[in-house]
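Examining the three-dimensional arrangement
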Amino acid sequence: MADVRPAAGKRIELFIQNILFASRWLLAPFYVALAFAMGILLIKAGQHVLHLFHDAFVAEESTVVLDTLGLIDLTLTSSLVVLVILSGFENFVAKVEPDENSSRPTWLTQIDFGGLKLKLMSSIVAISAIQTLRVFMDLENTSDRNLAWNVGIHLTFVLSAVLLALSDRISHGPAKAEDSAH
(Lines give C-alpha, C1' and ligand atoms only; values in the text may rest on other atoms or scores of the structure.)
Protein backbone atom coordinates (compact mmCIF):
# COMPACT_ATOMS: atom_id res chain seq x y z
CA MET A 1 0.00 0.00 0.00
CA ALA A 2 2.95 2.36 0.68
CA ASP A 3 4.10 2.11 -2.96
CA VAL A 4 0.72 3.30 -4.33
CA ARG A 5 0.64 6.70 -2.59
CA PRO A 6 3.95 8.03 -3.96
CA ALA A 7 3.01 6.87 -7.46
CA ALA A 8 -0.45 8.45 -7.15
CA GLY A 9 1.09 11.63 -5.78
CA LYS A 10 3.54 11.74 -8.66
CA ARG A 11 0.71 11.29 -11.18
CA ILE A 12 -1.26 14.14 -9.58
CA GLU A 13 1.86 16.31 -9.64
CA LEU A 14 2.47 15.54 -13.32
CA PHE A 15 -1.21 16.17 -14.13
CA ILE A 16 -1.09 19.60 -12.46
CA GLN A 17 2.21 20.42 -14.17
CA ASN A 18 0.72 19.49 -17.56
CA ILE A 19 -2.32 21.70 -16.94
CA LEU A 20 -0.15 24.64 -15.86
CA PHE A 21 2.22 24.18 -18.78
CA ALA A 22 -0.68 23.96 -21.25
CA SER A 23 -2.20 27.14 -19.78
CA ARG A 24 0.49 29.14 -21.61
CA TRP A 25 -1.71 28.78 -24.69
CA LEU A 26 -4.20 31.11 -23.00
CA LEU A 27 -1.74 33.87 -23.97
CA ALA A 28 -2.21 33.22 -27.69
CA PRO A 29 -5.53 35.13 -27.95
CA PHE A 30 -3.82 38.14 -26.36
CA TYR A 31 -1.19 38.13 -29.10
CA VAL A 32 -3.92 37.81 -31.75
CA ALA A 33 -5.75 40.75 -30.14
CA LEU A 34 -2.54 42.78 -30.36
CA ALA A 35 -2.35 41.95 -34.07
CA PHE A 36 -5.89 43.33 -34.49
CA ALA A 37 -4.88 46.43 -32.52
CA MET A 38 -2.11 46.93 -35.08
CA GLY A 39 -4.81 46.99 -37.75
CA ILE A 40 -6.49 49.84 -35.87
CA LEU A 41 -3.14 51.65 -35.65
CA LEU A 42 -2.85 51.20 -39.43
CA ILE A 43 -6.23 52.88 -39.88
CA LYS A 44 -5.04 55.80 -37.74
CA ALA A 45 -1.81 56.00 -39.77
CA GLY A 46 -3.90 56.15 -42.93
CA GLN A 47 -5.89 59.01 -41.43
CA HIS A 48 -2.64 60.88 -40.69
CA VAL A 49 -1.43 60.40 -44.27
CA LEU A 50 -4.77 61.56 -45.70
CA HIS A 51 -4.65 64.61 -43.44
CA LEU A 52 -1.09 65.35 -44.58
CA PHE A 53 -2.09 65.10 -48.26
CA HIS A 54 -5.25 67.13 -47.74
CA ASP A 55 -3.43 70.01 -46.06
CA ALA A 56 -0.09 69.71 -47.89
CA PHE A 57 -0.32 73.05 -49.71
CA VAL A 58 -2.17 75.09 -47.09
CA ALA A 59 -0.83 73.89 -43.74
CA GLU A 60 1.94 75.59 -41.85
CA GLU A 61 5.23 73.78 -41.61
CA SER A 62 4.79 73.20 -37.88
CA THR A 63 1.43 71.49 -38.52
CA VAL A 64 3.02 69.17 -41.10
CA VAL A 65 5.83 68.38 -38.65
CA LEU A 66 3.32 67.63 -35.89
CA ASP A 67 1.32 65.33 -38.16
CA THR A 68 4.52 63.60 -39.27
CA LEU A 69 5.56 63.13 -35.64
CA GLY A 70 2.15 61.55 -35.03
CA LEU A 71 2.84 59.14 -37.88
CA ILE A 72 6.27 58.32 -36.43
CA ASP A 73 4.63 57.76 -33.05
CA LEU A 74 2.16 55.30 -34.58
CA THR A 75 4.99 53.52 -36.40
CA LEU A 76 7.04 53.12 -33.21
CA THR A 77 3.99 51.89 -31.34
CA SER A 78 3.27 49.34 -34.08
CA SER A 79 6.89 48.18 -34.02
CA LEU A 80 6.60 47.77 -30.27
CA VAL A 81 3.47 45.66 -30.73
CA VAL A 82 5.26 43.42 -33.27
CA LEU A 83 8.15 43.00 -30.86
CA VAL A 84 5.80 42.02 -28.03
CA ILE A 85 3.78 39.65 -30.22
CA LEU A 86 6.68 37.72 -31.73
CA SER A 87 9.14 37.61 -28.86
CA GLY A 88 6.38 37.14 -26.28
CA PHE A 89 4.89 34.25 -28.23
CA GLU A 90 8.36 32.69 -28.64
CA ASN A 91 9.27 33.17 -24.96
CA PHE A 92 5.99 32.16 -23.34
CA VAL A 93 3.87 30.07 -25.71
CA ALA A 94 5.71 28.12 -28.42
CA LYS A 95 8.82 28.19 -30.56
CA VAL A 96 8.37 30.00 -33.86
CA GLU A 97 9.77 27.82 -36.63
CA PRO A 98 10.70 29.81 -39.76
CA ASP A 99 10.72 27.82 -42.96
CA GLU A 100 13.71 28.00 -45.30
CA ASN A 101 11.90 30.27 -47.79
CA SER A 102 10.70 32.65 -45.09
CA SER A 103 11.80 36.25 -44.85
CA ARG A 104 11.14 36.25 -41.12
CA PRO A 105 13.90 37.90 -39.12
CA THR A 106 15.13 35.12 -36.83
CA TRP A 107 16.66 37.58 -34.35
CA LEU A 108 13.22 38.96 -33.54
CA THR A 109 12.09 35.71 -31.98
CA GLN A 110 15.40 35.10 -30.23
CA ILE A 111 15.08 38.00 -27.80
CA ASP A 112 15.11 36.74 -24.21
CA PHE A 113 12.81 38.18 -21.55
CA GLY A 114 15.49 40.59 -20.25
CA GLY A 115 16.20 41.84 -23.76
CA LEU A 116 12.47 42.19 -24.39
CA LYS A 117 12.07 44.37 -21.29
CA LEU A 118 14.94 46.62 -22.38
CA LYS A 119 13.61 46.94 -25.93
CA LEU A 120 10.14 47.70 -24.61
CA MET A 121 11.47 50.44 -22.34
CA SER A 122 13.60 51.86 -25.15
CA SER A 123 10.55 52.00 -27.40
CA ILE A 124 8.44 53.61 -24.68
CA VAL A 125 11.16 56.24 -24.13
CA ALA A 126 11.27 56.94 -27.89
CA ILE A 127 7.47 57.26 -28.05
CA SER A 128 7.51 59.53 -25.01
CA ALA A 129 10.26 61.65 -26.58
CA ILE A 130 8.15 62.13 -29.70
CA GLN A 131 5.14 63.10 -27.59
CA THR A 132 7.31 65.60 -25.70
CA LEU A 133 8.64 66.99 -28.98
CA ARG A 134 5.07 67.37 -30.24
CA VAL A 135 4.23 69.37 -27.10
CA PHE A 136 7.29 71.60 -27.63
CA MET A 137 6.30 72.12 -31.28
CA ASP A 138 2.88 73.36 -30.14
CA LEU A 139 3.92 75.54 -27.18
CA GLU A 140 1.43 78.31 -27.88
CA ASN A 141 -1.42 75.83 -27.29
CA THR A 142 0.14 74.15 -24.25
CA SER A 143 -0.13 75.31 -20.66
CA ASP A 144 2.96 75.42 -18.46
CA ARG A 145 1.36 72.79 -16.24
CA ASN A 146 0.85 70.36 -19.16
CA LEU A 147 4.38 71.03 -20.40
CA ALA A 148 5.82 70.31 -16.95
CA TRP A 149 3.82 67.10 -16.64
CA ASN A 150 4.87 65.95 -20.10
CA VAL A 151 8.56 66.58 -19.42
CA GLY A 152 8.30 64.99 -15.97
CA ILE A 153 6.64 61.87 -17.35
CA HIS A 154 9.25 61.60 -20.11
CA LEU A 155 12.11 61.95 -17.61
CA THR A 156 10.47 59.27 -15.45
CA PHE A 157 10.45 56.90 -18.44
CA VAL A 158 14.10 57.74 -19.18
CA LEU A 159 15.12 57.14 -15.55
CA SER A 160 13.14 53.88 -15.45
CA ALA A 161 14.85 52.66 -18.63
CA VAL A 162 18.30 53.52 -17.26
CA LEU A 163 17.58 51.78 -13.96
CA LEU A 164 16.21 48.72 -15.75
CA ALA A 165 19.31 48.54 -17.96
CA LEU A 166 21.58 48.91 -14.95
CA SER A 167 19.75 46.24 -12.96
CA ASP A 168 19.87 43.90 -15.97
CA ARG A 169 23.61 44.53 -16.36
CA ILE A 170 24.22 43.93 -12.65
CA SER A 171 22.11 40.75 -12.55
CA HIS A 172 23.81 39.22 -15.60
CA GLY A 173 27.37 40.24 -14.75
CA PRO A 174 30.02 41.74 -17.03
CA ALA A 175 30.15 38.84 -19.53
CA LYS A 176 26.44 39.09 -20.36
CA ALA A 177 26.64 42.90 -20.56
CA GLU A 178 29.46 42.69 -23.10
CA ASP A 179 27.48 40.15 -25.18
CA SER A 180 24.38 42.34 -25.26
CA ALA A 181 26.42 45.37 -26.37
CA HIS A 182 27.39 43.60 -29.63
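Up top you'll find the structure we're talking about.
These numbers come from a predicted model, not from an experiment. (Residues numbered from 1 in each chain as written. Predicted model: local features only at pLDDT ≥ 70, side-chain atom pairs only at ≥ 80, totals over all residues. Heavy atoms only, no water.)

1. Re a nonpolar patch on the surface
Residues Ile-12, Phe-15, Ile-16, Ile-19 and Leu-20 make up a contiguous nonpolar surface patch of roughly 520 Å² in combined accessible area. Along the chain, Ile-19 falls in helix α1 (residues 4-22). For Ile-19, a relative accessible area of 45% gives the class partly exposed. (Patch = residues over 30% accessible without salt bridge, like charges linked within 9 Å, V, L, I, M, F, W, Y side chains within 5 Å. Areas by Shrake-Rupley, 256 points an atom, 1.4 Å probe, with all protein chains shown as cover. Salt bridge = Lys/Arg side-chain N within 4 Å of Asp/Glu carboxyl O. Helix = DSSP H or I, 4+ residues; strand = E, 2+ residues; numbered from the N terminus. Buried < 20%, exposed > 50% of the residue type's maximum accessible area, 1.4 Å probe, protein only.)

2. Thoughts on the nonpolar core
With five residues, the main nonpolar core is built from Tyr-31, Val-81, Ile-85, Val-93 and Ala-94. Setting aside residues up to four positions removed in sequence, Val-93 forms contacts with Arg-24, Trp-25, Leu-27, Ala-28, Tyr-31 and Gly-88. (Core = buried A, V, L, I, M, F, W, Y, C linked by side-chain atoms within 4.5 Å. Contact = heavy atoms within 4.5 Å.)

3. Looking at helix α2 (residues 28-54)
The terminal C-alpha atoms of α2, which comprises 27 residues, lie 40 Å apart, in line with the 39 Å expected from a rise of 1.5 Å per residue. Those residues of α2 that are buried are in contact with α3 (61-92). (Expected span 1.5 Å × (residues − 1).)

4. Description of the packing of α3 against helix α5 (residues 113-137)
In contact at an axis separation of 10 Å, α3 and α5 are set at 170° when each is read in the N-to-C sense. With respect to α5, the axis of α3 lies roughly antiparallel. Seen along the crossing, α3 lies across α5 with a hand that is left-handed. Among the residues making up the contact of α3 with α5, the classes are represented as 18 nonpolar, eight polar and three charged. (Axes fitted to C-alpha atoms, helices over the stretch in contact; angles between N-to-C directions. Parallel < 35°, antiparallel > 145°, perpendicular 65-115°, else oblique. Left-handed = near helix turned anticlockwise from the far one by under 90°. Nonpolar A, V, L, I, M, F, W, Y, C, P; charged D, E, K, R; others polar.)

5. Here we look at the packing of α2 against α3
For the pair α2 and α3, interaxial distance at closest approach is 10 Å and the crossing angle is 165°. Taken as axis vectors, α2 and α3 run roughly antiparallel relative to one another. Of the two elements, α2 crosses α3, and the hand of that crossing is left-handed. Considering only residue class, the contact of α2 with α3 consists of 18 nonpolar, seven polar and two charged.

6. Points about the packing of aromatic side chains
One pass over the structure, following the stated rule, counts two aromatic pairs. Taking the centre distance of 6.0 Å and the plane angle of 75° together, the rings of Trp-25 and Phe-89 count as edge-to-face. Taken together, the residues span a long stretch of sequence, with Trp-25 in the loop between α1 and α2 and Phe-89 in helix α3 at a distance of 64 residues. Judged by relative accessible area, which is 43%, Trp-25 ranks as partly exposed. Taken together, a centroid distance of 6.2 Å and an interplanar angle of 80° make the contact between Tyr-31 and Phe-89 edge-to-face. Here Tyr-31 is found in helix α2, whereas its partner Phe-89 is found in helix α3, with 58 residues between them in sequence. An aromatic cluster is built from Trp-25, Tyr-31 and Phe-89, whose rings are joined through pairwise contacts. (Phe/Tyr/Trp six-rings, centres within 6.5 Å; stacked < 30°, edge-to-face > 60°.)

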